[in-house]
Amino acid sequence: MSDKKYVNVFEFEDEAKKNLTNNAYTYYRSGANAEHTLRDNIDAYSRIKLNPYVCAGLKDIDLTTTVLGQKLSIPIGIAPSAMHRMATPRGELTTVTAAKKVGTIYTLSSLATTNMEDVAKEQPDALRWFQLYIAKDRKITEVMVREAERLGYRAIAVTVDAPYLGIREGDERNKFTLPPHLKLEILESFKKEFAVKGKEGSGLFEMFKDQIDPAMSWEDIKWLKSFTKLPVILKGIQNGEDALRAAQLGVHIWVTNHGGRQLDTVRSTIDMLPEVMHAIKDYRNTVEVYVDGGIRRGTDVLKCLALGAKCVFIGRPLLFSLAAEGEQGVLKMFELFEKEMKVAMMLLGAGKISDLGLKHLVKATIPVSNL
Ligand SMILES: Cc1cc2nc3c(=O)[nH]c(=O)nc-3n(C[C@H](O)[C@H](O)[C@H](O)COP(=O)(O)O)c2cc1C
Ligand SMILES: CC(C)CC(=O)C(=O)O
């Protein structure tokens, strides 16, 4: 166990870089094209100002919350990200163990390097969600969902912002391929052609284009809803109109731009959130909204929750802390978020998550006025 101290979540990246190949580091780090959205996801938080209330009489801070009826120790879940075995030898098994210890959600990517069953067996009681890409072959898609149900995954997060994979220039340059000792275990257990083979550009881009259906539509969401008993979440909602459509279908909403890895120059996610919350205002009792993208500070989390998100998710901080120090790194990273959130809530005058609201944000800096 390393006694290295980290002072903020950003610091894991340098440590991770030492342990990762250039191929893996570039894949984890990159955004699409010129990476405007990647940067803006982080920068946008500095534009939204907090509004503290003093003399709040608080003795301590309670960070617990519930998501889809399940209790979380902290309102920060782990977003799906592919290929954790490039970061640490046991990959997704380490991630699910850390999530269980923290007491939060782990969303397993369908492009994981460990199969669904092994992750489930490693931590049967962890709060596991399954992220789904809709494959061209709908039978495979259906079997995957059935497997998730059988293995105790508690929700299906279907990714809707990736009909094509965005162009990550570093991966094109590196001709990204999965290291030869690793496989996309979940997909390959259903179909061998899912393998990421080195081709001309990024092998990942080619595999994705061959196998994932760019023509997926709202009909597929209805189809998914028709046969699964699990809650369905649409991961990739980016405006009020789509959010309302999702809410009308009875699915939950994950506001994300895929960590700036898909369509470059879309808005940062914190700038999307007010419009989404406004659009689904009549569905707030039944539809939960989550958000990810650029969340690196305790105050970032508080801003999302104050706007009405039920919880947030993190992508790269998980990958970099995993690559830096495995399970220990992930636990240290969550501790940093916990510390920052507790200090910020004390200073804000909010003792528990349900105390957070619009009054804690300066209205003039929120991107829409009609909240
Ligand atoms: C290396 C990497 C791999 C990812 N893989 C997936 C994936 O397999 N499925 C998916 O829906 N999102 C994937 N994402 C997007 C994340 O779920 C999440 O939306 C994003 O990382 C959040 O932004 P952040 O990294 O700034 O926290 C990936 C992100 C990264 C950085
Ligand atoms: C393997 C990829 C298709 C996973 C992904 O969603 C990403 O890299 O952003």
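None of these values were measured; they are calculated from a predicted model.

Asker: How should the overall build of the protein be read in this particular structure?
Answerer: Across its full length, the protein carries 14 helices and 10 strands. A compact globule built from 371 residues would reach a C-alpha radius of gyration of about 21 Å, and the protein, at 20 Å, matches this within 12%. Its C-alpha atoms put the protein at 60 × 50 × 40 Å along the principal axes. Intrachain contacts of the protein at a sequence separation of at least 6 include 74% that bridge at least 24 residues. When the accessible area of the protein is evaluated, it comes to approximately 15300 Å², of which 50% is carbon and sulfur surface. Within the protein, one finds 51 positive and 47 negative side-chain charges whose respective centroids are separated by 2 Å.

Asker: Any chance you could explain the nonpolar core here in plain terms?
Answerer: General note: in soluble globular proteins, nonpolar side chains tend to be found buried as a group. With 115 residues, the main nonpolar core has F130, I253 and L273 as its most contacted residues. With 16 residues, the top contributor of residues to this core is helix α14 (residues 316-348). Discounting residues that sit within four places of it in the chain, I253 has contacts with I233, L234, I237, A243, A246, A247, V276, I280, V287, E288, V289 and Y290. The next biggest cluster of nonpolar side chains, apart from the first, holds 13 residues, and it includes A79, A155, Y290 and C311.

Asker: Mind showing me how you'd approach the pairing of strand β6 (residues 156-159) here?
Answerer: Neither face of β6 is open: one carries I156 and V158, the other A157 and T159, and all of them are buried. In this fold, strand β5 (residues 127-132) hands off to helix α6 (residues 138-150), which returns the chain to β6; that crossover is right-handed. Of the pairings in the sheet, the one linking β6 to strand β7 (residues 232-237) comprises four bridges and is parallel in character. When the bridges of β7 are listed, V158 appears paired with L234.

Asker: Mind showing me how you'd approach the packing of α6 against helix α10 (residues 218-227) here?
Answerer: Helix packing geometry: the angle between the two helix axes and the distance between the axes. Interaxial distance between α6 and α10 falls to 11 Å at its minimum, and their mutual angle equals 40°. One element, α6, and the other, α10, form an angle in the oblique class. In this structure, the crossing between α6 and α10 has a hand that is right-handed. Seen from α6, the contacting residues are R138, T141, E142, V145, R146 and E149; seen from α10, they are D220, W223, L224 and F227. A breakdown of the residues in the contact of α6 with α10 according to their chemical character gives four nonpolar, one polar and five charged.

Asker: Looking at this structure, I do not really get the site of ligand 1. What am I missing?
Answerer: Close to ligand 1 lie 24 residues; P80, S109, T159, D292 and R296 are nearest. Between Y133 and ligand 1, the recorded distance is 3.3 Å, taken from a side-chain N or O atom to a nitrogen atom. In the environment of ligand 1, an oxygen atom lies 2.8 Å from a nitrogen or oxygen atom belonging to the backbone of G294. Among the secondary structure elements, those contributing two or more residues to the shell around ligand 1 are α2 (22-29) and α14. For the shell around ligand 1, the element with the most residues is α14, which contributes three residues. Tallied by class, the residues present in the shell around ligand 1 amount to nine nonpolar, 10 polar and five charged.

Asker: Can you help me understand the pattern of salt bridges in this one?
Answerer: If charged atoms from side chains of opposite charge come close, those side chains can pair. Across all of its chains, the model carries 21 salt bridges by this definition. Here R150 ties to E147 by a salt bridge, and the two come within 2.8 Å at their closest N and O atoms. Taken together, the positions of R150 and E147, both in helix α6 and three residues apart, correspond to about one turn of that helix. Under the relative-accessibility criterion, R150 is labelled exposed at 53%. Salt bridges sharing partners connect three or more residues here, namely E117, K121, E147 and R150.

Asker: So what exactly am I meant to see when it comes to unusual backbone geometry here?
Answerer: Peptide bonds are, in most cases, trans, and in most cases residues other than glycine have a negative phi. If you check the backbone angles, L68 has positive phi at about 45° while not being a glycine. If you check the backbone angles, K175 has positive phi at about 50° while not being a glycine. Mapped onto the fold, K175 is located in the loop between α7 (169-174) and α8 (185-190).

Rules used throughout
Residues numbered from 1 in each chain as written. Chains lettered and ligands numbered in written order. Predicted model: local features only at pLDDT ≥ 70, side-chain atom pairs only at ≥ 80, totals over all residues. Heavy atoms only, no water. Helix = DSSP H or I, 4+ residues; strand = E, 2+ residues; numbered from the N terminus. Rg over C-alpha atoms; globule rule 2.2 N^0.38 Å. Contact = heavy atoms within 4.5 Å. Areas by Shrake-Rupley, 256 points an atom, 1.4 Å probe, with all protein chains shown as cover. Lys, Arg positive; Asp, Glu negative; His and termini not counted. Charge placed at Lys NZ, Arg CZ, Asp CG, Glu CD. Core = buried A, V, L, I, M, F, W, Y, C linked by side-chain atoms within 4.5 Å. Buried < 20%, exposed > 50% of the residue type's maximum accessible area, 1.4 Å probe, protein only. Right-handed = clockwise from strand over helix to strand, strands pointing away. Pairing = 2+ DSSP bridges. Axes fitted to C-alpha atoms, helices over the stretch in contact; angles between N-to-C directions. Parallel < 35°, antiparallel > 145°, perpendicular 65-115°, else oblique. Left-handed = near helix turned anticlockwise from the far one by under 90°. Nonpolar A, V, L, I, M, F, W, Y, C, P; charged D, E, K, R; others polar. Near = heavy atom within 4 Å. Polar contact = N/O pair within 3.5 Å; in protein donor to acceptor, adjacent residues only side chain to side chain. Salt bridge = Lys/Arg side-chain N within 4 Å of Asp/Glu carboxyl O.

Spatial relationships are all this shows, so hold off on functional conclusions.
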